Amino acid sequence: EVQLVESGGGLVQPGGSLRLSCAASGFTFSSYAMSWVRQAPGKGLEWVSAINSGGGSTSYADSVKGRFTISRDNAKNTLYLQMNSLKPEDTAVYYCASWYGSSWPPASRWYEYDYWGQGTQVTVSS
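Cut-offs applied
Residues numbered from 1 in each chain as written. Predicted model: local features only at pLDDT ≥ 70, side-chain atom pairs only at ≥ 80, totals over all residues. Heavy atoms only, no water. Helix = DSSP H or I, 4+ residues; strand = E, 2+ residues; numbered from the N terminus. Buried < 20%, exposed > 50% of the residue type's maximum accessible area, 1.4 Å probe, protein only. Pairing = 2+ DSSP bridges. Axes fitted to C-alpha atoms, helices over the stretch in contact; angles between N-to-C directions. Phe/Tyr/Trp six-rings, centres within 6.5 Å; stacked < 30°, edge-to-face > 60°. Salt bridge = Lys/Arg side-chain N within 4 Å of Asp/Glu carboxyl O.

Draft legend 1. Structural view of unusual backbone geometry. Following Trp-104, the chain continues into Pro-105 via a peptide bond in cis, with omega recorded as -5 degrees. Non-glycine residue Asn-77 carries a positive phi angle of around 55 degrees. Along the polypeptide, Asn-77 turns up in the loop between β7 (68-73) and β8 (78-83). Overall, Asn-77 belongs to the partly exposed group, its relative accessible area being 28%. The phi dihedral of Ser-85 falls on the positive side, at around 50 degrees, and the residue is not glycine.

Draft legend 2. Focus on the pairing of strand β3 (residues 18-25). Summarising the sheet, strand β1 (residues 3-7) and β3 pair through five bridges and their orientation is antiparallel. Bridging from a neighbouring strand, Leu-4 pairs with Ala-24 of β3. Bridge count between β3 and β8: six bridges; the pairing is antiparallel. If you follow Leu-20 over to β8, its bridge partner there is Leu-81.

Draft legend 3. Up close: the environment of Gly-42. In this structure, Gly-42 sits in the loop between β4 (33-39) and β5 (45-51). A sequence separation of 63 residues divides Gly-42 from Pro-105, and the C-alpha atoms of the two residues are 26 Å apart.

Draft legend 4. Spatial organisation of the sheet that holds β3. Pairing is antiparallel in the open sheet, where four strands are placed in the order β1-β3-β8-β7. The open sheet terminates on both sides in strands that have one partner only, identified here as β1 and β7. Neighbour-to-neighbour, the strand axes of this sheet turn through a mean angle of 15 degrees, independent of strand direction. With six bridges connecting them, β7 and β8 associate as antiparallel partners. Bridging from a neighbouring strand, Thr-69 pairs with Gln-82 of β8.

Draft legend 5. How the structure looks around the packing of aromatic side chains. Tallied over the entire structure, the rule returns nine aromatic pairs. With a centroid separation of 6.4 Å and an interplanar angle of 70 degrees, the aromatic rings of Phe-27 and Phe-29 are classed as edge-to-face. In this structure, Phe-27 and Phe-29 share a single accessibility class: buried. Here Trp-110 and Tyr-113 contribute two aromatic rings whose centre-to-centre distance is 5.7 Å and whose plane-to-plane angle is 40 degrees, an arrangement assigned as tilted.

Draft legend 6. Up close: the pattern of salt bridges. Counted according to the given criterion, the structure contains five salt bridges. Between Arg-38 and Glu-46 there is a salt bridge, with its nearest N and O atoms 2.7 Å apart. Judged by relative accessible area, Arg-38 falls into the buried class, the value being 5%. Through salt bridges with shared partners, one network takes in Arg-38, Glu-46, Arg-67 and Asp-90.

Have a look at this one:
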């Protein structure tokens, strides 16, 4: 059974940091590029960041560039998102998802994603 389980969300003050994790199982994690995607209250899905299967290439949405860092540990089947300088507009449910497309970066071509986690809530508020 394929599973993607996010963790690490929570309540943080503006300017603070959080590190999200996504534990993968049931598929060959090291063969897939992975993305972080978020959904703010009342809004649609927003692509945040992606990393290729080997971890050597990354891409970020302009809204998080310079503040967020995506990484992965294929030996541990785990994806990470380090989030610094958090803003209230970063408040959302954050999902990890596996991508099987061919045109880098994955961005918001949702039809090219197959496995999704259940999400973890990130709330940035004073």
